[in-house]
Amino acid sequence: MSATIIRNGRIVDPANNRDESGDLLIVDGKIVDVSQLSTISSELDEIDGSNLVVCPGLIDIHVHLREPGFGHKETIASGARAAAAGGFSTIVCMPNTSPAADNPATIAWIKDRATETACVNVLPTGAISKNIAGEELASIGSLGRAGVVAITDDGHCVQNHELMRRAVEYARMVDLPVLDHCQDYNLVGNGVVHEGYWSTLLGLPGWPAAGEEAIVMRNILLAGLCDHHIHCQHISAAGSVRLIREARNRGVKISGEVCPHHIALTDEAIQNFDTNYKMNPPLRSKEDVNAILEGIADGTLSILCSDHAPHAGFEKEVEFDQAPFGIVGLETELGLFIDLLVHKHRKVDIKRLIGMYTVEPAKLLKLNAGTLSIGAPADVTLIDPDLEWTVRVDQFQSESRNSPFDQWKLKGRAVRTIVNGKTVWKL
Ligand SMILES: [Zn+2]
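Each value, and the rule that gives it
Residues numbered from 1 in each chain as written. Predicted model: local features only at pLDDT ≥ 70, side-chain atom pairs only at ≥ 80, totals over all residues. Heavy atoms only, no water. Helix = DSSP H or I, 4+ residues; strand = E, 2+ residues; numbered from the N terminus. Rg over C-alpha atoms; globule rule 2.2 N^0.38 Å. Buried < 20%, exposed > 50% of the residue type's maximum accessible area, 1.4 Å probe, protein only. Contact = heavy atoms within 4.5 Å. Areas by Shrake-Rupley, 256 points an atom, 1.4 Å probe, with all protein chains shown as cover. Donors = N, O, S within 2.8 Å, 3.2 Å for Na, K, Ca; no water. Pairing = 2+ DSSP bridges. Axes fitted to C-alpha atoms, helices over the stretch in contact; angles between N-to-C directions.

**Structural notes on the overall build of the protein chain**
Point 1. On a plain count of helices and strands, the protein chain comes out with 14 helices and 17 strands.
Point 2. Since a compact globule built from 427 residues should have a radius of gyration of about 22 Å, the 21 Å found for the protein chain is in line with a globular shape.
Point 3. Dimensions of the protein chain, computed from C-alpha atoms along their principal axes, come out at roughly 65 × 45 × 45 Å.
Point 4. Taking all 427 residues of the protein chain together, the buried fraction comes to 60%.
Point 5. Within the protein chain, contacts between residues at least 6 apart in sequence are counted, and of these 76% link residues at least 24 apart.
Point 6. Just so you have it, the protein chain exposes about 16200 Å², and 46% of that area is on carbon and sulfur atoms.

Right, here's the structure in full:
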């Protein structure tokens, strides 16, 4: 028997609408009622939770681990270490590996590799289309049986609406959530930055907000037509927030997620041509940032995530329009969101923020996670919401360093991550 007690913490468990000070008891990897303490016969590990938030282990539903195929950017092991250091006990990895995760054998490989090497829970997604090419459906039923938690072509977007309709219908039959990277290829063309003032001034090809909004609209129509949930990934544009809000008010099964860079930065940041500001979808205008903040405040956008996208230095150190899209995010996202959403803009309180990282993603993907209910797996994150710290990319656990937030001063950080009752990271 192994037993741990976290004493005098502020226990925040949005799944059970709980926010109170108290102790949390863990026995053999499960949450146990604290009244059972007197029955513990073995030695008890004690953790001081005073001045800390004790919450369900955080879940990031949008992470790119680069195995198989691109281990020089990130491995499942290093990505999991980065997740633990960011306060995450569960991460959901995207299928754009090499080979793509569009078949049961690759899913089995990822799951085995995660079991052998990862210090946090790694849950794979499967591709919507074969080789993420958007032309022929992957075998969605077999992917479901292989244990994927959702399907997505993230990094790419199925352009053929009829093919996407069939994907959503199959997904409904096998009860799999659909996640979508919203990008209309014809509208976006070779765009690399938000189409607006700065793209014009700098002479860089523009990626118009309408390129995202058109596919968000498509997904709203298909969610209604197929009566199945579609979750829109990394929402960046004001128009997308309006569309999702209106559709949700009508009861359409649609949702959206937010990455920290889309509220921490605007397209003004691209003027130095630093490729660490190049992401897909791109950084947008102040108006878009404000609309996303309002969408978070009123619940239109219900999930927070990183879109953790590691790339090696030599890959990013090229001309702006040649560089790959994306930044690492696992080790900075919680600090950025607490700093910006709770402290600076006061859009949500810490309890709602934790809900957007626990009960909301668990509900979307039907995970046995994201709660401190009695009997639940003892995945727990300890957060100091007032801790002031400085981001240092040279101290990242990730294999990659492509972050625009080096040297940023943030307030709020995870100080310990527990997975199945075991501490996997501690500040
Ligand atoms: Zn994407």
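**Some thoughts on the coordination of the zinc ion**
Four donors placed tetrahedrally about a metal ideally form angles of 109.5 degrees, and six donors placed octahedrally ideally form angles of 90 or 180 degrees.
Point 1. Taken together, the protein donors to the zinc ion comprise Asp 154 (OD), His 181 (ND1) and His 234 (NE2), at separations of 2.0 to 2.3 Å.
Point 2. If you list the donors of the zinc ion from N- to C-terminus, the spacing comes out as D-x26-H-x52-H. Of the two residues, Asp 154 sits in the loop between α3 (140–146) and α4 (161–173) while His 234 sits in the loop between β12 (230–232) and α8 (238–249), which places them 80 residues apart along the sequence.

**With respect to the environment of Asn 290**
Point 1. Looking at the element boundaries, Asn 290 is found in helix α10 (residues 286–297).
Point 2. It is 27 Å that separates the C-alpha atoms of Asn 290 and Ala 362, two residues lying 72 residues apart in sequence.

**As for the sheet that holds strand β9 (residues 178–180)**
Paired through backbone hydrogen bonds, the strands of a sheet run either parallel or antiparallel to each other.
Point 1. The strand order across the open sheet formed by 4 strands is β9-β12-β13-β14, and the pairing between neighbours is parallel. Unpaired on one side and paired on the other, β9 and β14 (303–304) mark the two borders of the sheet.
Point 2. Bridge count for strand β13 (residues 254–258) against β14 is 2 bridges, and the pairing is parallel. Residue pairing across strands places Val 258 opposite Leu 304, the latter belonging to β14.
Point 3. This element, α8, spans β12 and β13 of the sheet and lies at about 145 degrees to β13.

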